[in-house]
Amino acid sequence: GKDLWRPVLLLLDFVGFLRAGTIRYSSIDTQVEDITCALDFDVGVDYSSDTIVIKNTTVSFNELPLLLNGDIEGFQSENPNYSLVYKSNALTLQALLAAIPEDIIDERDVGSGDGQISISGSVSGVMGSSEAPNIETDLTITDVRYDAPGLPVSIADANGDFSLNQ
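Just so it is clear, the structure is predicted and the values come from calculations on it, not from any experiment.

A.B. asks: Any details on the side chain of Thr 51? Residues and values, ideally.
C.D. replies: Tracing the backbone shows Thr 51 in strand β5 (residues 51–61). A residue is classified by how much of its surface remains accessible, and Thr 51, at 12% relative accessible area, is buried. From its side chain, Thr 51 meets the backbone oxygen of Ser 49 in a polar contact 3.0 Å long. The residues contacting Thr 51, other than those within four sequence positions of it, are Gly 44, Val 45, Asp 46, Asp 71, Ile 72, Glu 73 and Phe 75.

Structure (structure tokens):
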């Protein structure tokens, strides 16, 4: 018989890929280990087309929820192809700062602030033993104020859109 748990395991593999990822930015190069994840999902599995369809699935990383939609083709193969989009509702800056793992920023250095941040993006491409899907993220910040130890100046009334691509 077909492995009915394969779709769930495939989603968990992808989450594991994100959890075990290495964060690299300028001089930061650290293994992330303090990410918790929860799934609340509505997943349709079509074995005849070898496709998982994901509709309005909530994926939470460190209690920050993202709404996930899309599909995973070839989920029974060694190299499934992801075509997913995700977005968040507006998050407070404090909630986002609280969710950053200590592997990246020590909580004593996080600082304080307020404002709103929205996250959206996509995951597309093949995930295999030597391949990873492309992850695009768009951040929108609205009325952000931020102050942290070590910063020469505070940030006040910041607004903007940022795009990240891995």
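A.B. asks: Tell me about the confidence of the model for the protein chain, and please be specific about residues and values.
C.D. replies: Of all residues in the protein chain, 70% have pLDDT values of 70 or greater, and the mean over the chain is 76. For residues 18–32, every residue scores under 50 in pLDDT, and the model assigns this stretch 26 contacts once sequence neighbours within four places are set aside.

A.B. asks: Tell me about the environment of Asn 165, and name the residues and values.
C.D. replies: On the secondary structure map, Asn 165 appears in strand β11 (residues 155–165). Along the chain, Asn 165 and Ser 122 lie 43 residues apart, while their C-alpha atoms are 9.6 Å from each other. Residues in contact with Asn 165, not counting those within four places in the same chain, are Asn 134, Ile 135 and Glu 136. In this structure the side chain of Asn 165 is engaged in a polar contact, spanning 3.2 Å, whose partner is the side chain of Asn 134.

Cut-offs used in this document
- Residue numbering note: each chain is counted from 1, following its sequence as written.
- With pLDDT at 70 or above as the cut-off, local features in this predicted model cover only qualifying residues; side-chain atom pairs require 80 or more to be listed or tallied, and sums for whole chains, interfaces and linings still use all residues.
- To obtain the side-chain values, all non-hydrogen atoms of the structure were used and water was disregarded.
- In DSSP terms, a helix is any run of H or I states spanning at least four residues, a strand is any run of E spanning at least two, and both are numbered starting from the N terminus.
- Throughout this description, buried means an accessible area under 20% of the type-specific maximum (1.4 Å probe, protein chains only), exposed means over 50%, and partly exposed covers the range between.
- For this analysis, a polar contact is any N or O atom pair within 3.5 Å, provided that within protein one partner can donate a hydrogen and the other can accept it, and provided that sequence-adjacent residues contribute only side-chain to side-chain pairs.
- The contact criterion used throughout is that any non-hydrogen atoms of two residues lie within 4.5 Å.
- Residue-level confidence of the predictor is summarised by pLDDT, bounded by 0 at the bottom and 100 at the top.

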